[in-house]
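What follows is the residue order along each chain.
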Amino acid sequence: MKNLRATAGWMMGAFVLMSLILGGIMGYDIASGTGLMRNNPTVAFVVVGFVLIAAMAVSVFWWLTIDEAQREAHKWAWYWGGSSGLLISVFAFVAALAGGDALMMPYVRFMDYEGHLVALGMITSLAPAIIGYGIAWLIWWLRHR
């Protein structure tokens, strides 16, 4: 079982690294305006779809190899940290409704996402949840050591 856990950990690490590299290549390709994915979005959808399916498969394999303490840490972190992060996103949404363009346009320009508000909304929702998860996971492990 120990070798299976090590294999799962290495697979997860390699997958994250490959995903980061692929994301960088896709981002550069799309931003350059001359790349394959910019001119043929179907290629981007197929690549992203494949990466998401592979990510789910690796995640399930990894989840099945970790022990109960690790599972509990991740569940606790996703519940408390992810929920707290999403709460920040709700505040941003309410601020956008209340303040309108005057309040949000500096943020949109800073992030350089003019014309891509759906993507910015996804990032604005996911980033605080993931950061909250990381902080909560660290707190859980520090409290249980």
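Note: the structure precedes this text.
So, how was this worked out
Residues numbered from 1 in each chain as written. Predicted model: local features only at pLDDT ≥ 70, side-chain atom pairs only at ≥ 80, totals over all residues. Heavy atoms only, no water. Helix = DSSP H or I, 4+ residues; strand = E, 2+ residues; numbered from the N terminus. Expected span 1.5 Å × (residues − 1). Buried < 20%, exposed > 50% of the residue type's maximum accessible area, 1.4 Å probe, protein only. Bend = angle between axes of the 7 residues up to and from the residue. Contact = heavy atoms within 4.5 Å. Polar contact = N/O pair within 3.5 Å; in protein donor to acceptor, adjacent residues only side chain to side chain. Axes fitted to C-alpha atoms, helices over the stretch in contact; angles between N-to-C directions. Parallel < 35°, antiparallel > 145°, perpendicular 65-115°, else oblique. Nonpolar A, V, L, I, M, F, W, Y, C, P; charged D, E, K, R; others polar. Phe/Tyr/Trp six-rings, centres within 6.5 Å; stacked < 30°, edge-to-face > 60°. Patch = residues over 30% accessible without salt bridge, like charges linked within 9 Å, V, L, I, M, F, W, Y side chains within 5 Å. Areas by Shrake-Rupley, 256 points an atom, 1.4 Å probe, with all protein chains shown as cover. Salt bridge = Lys/Arg side-chain N within 4 Å of Asp/Glu carboxyl O.

Asks: Can you tell me about helix α3 (residues 41-65), naming the residues and giving the values?
Replies: Between its terminal C-alpha atoms α3 stretches 36 Å, which fits the 36 Å expected from 25 residues at 1.5 Å a residue. Ala44, Ala54, Val58 and Thr65 are the residues of α3 that are buried.

Asks: Help me get a handle on helix α4 (residues 68-111), residues and values and all.
Replies: For α4, with 44 residues, the first-to-last C-alpha span of 39 Å runs short of the 64 Å given by 1.5 Å per residue. Where α4 bends most, the angle comes to about 125 degrees, and this point is Gly100. Those residues of α4 not exposed but buried are Ala73, His74, Ala77, Gly81, Gly82, Gly85, Ser89 and Val108. If you follow the buried residues of α4, they end up packed against α3 and α5 (117-143). A positive backbone phi angle near 60 degrees is found at Asp112, which sits one or two residues after α4.

Asks: Pulling in residues and values, what's your account of the side chain of Thr65?
Replies: Within the secondary structure, Thr65 is located in helix α3. Overall, Thr65 belongs to the buried group, its relative accessible area being 2%. A distance of 2.7 Å separates a polar side-chain atom of Thr65 from the backbone oxygen of Trp62.

Asks: Tell me about the packing of α3 against α4, residues and numbers included.
Replies: Between α3 and α4, the least distance of the axes is 8 Å, while the angle of their chain directions is 125 degrees. Our classification of the angle between α3 and α4 gives oblique. Note on element contacts: α4 touches α3 through Arg71, His74 and Lys75, opposite Trp62, Trp63 and Leu64. When its residues are assigned to classes, the contact of α3 with α4 shows three nonpolar, one polar and two charged.

Asks: Just give me the short version of the side chain of His74, but keep the residues and values in it.
Replies: Mapped onto the elements, His74 comes out in helix α4. Those residues in contact with His74 that sit more than four places away from it in its chain are Trp62, Trp63, Ile66, Tyr133 and Trp137.

Asks: Describe the packing of aromatic side chains, with residues and values.
Replies: Note on aromatic pairs: each is described by the distance of the centres and the angle between the planes. Under the definition given, this model contains five aromatic pairs. Centroid distance Tyr79 to Trp80: 4.9 Å. Interplanar angle 90 degrees. Geometry classified as edge-to-face. Grouped by ring-pair contacts, the aromatic residues Trp137, Trp140 and Trp141 constitute a single cluster.

Asks: Help me get a handle on a nonpolar patch on the surface, residues and values and all.
Replies: A cluster of nonpolar side chains, namely Leu87, Val90, Phe91, Phe93, Val94 and Leu97, defines an oily patch on the protein surface of about 630 Å² accessible area. With respect to the helices and strands, Phe93 occurs in helix α4.

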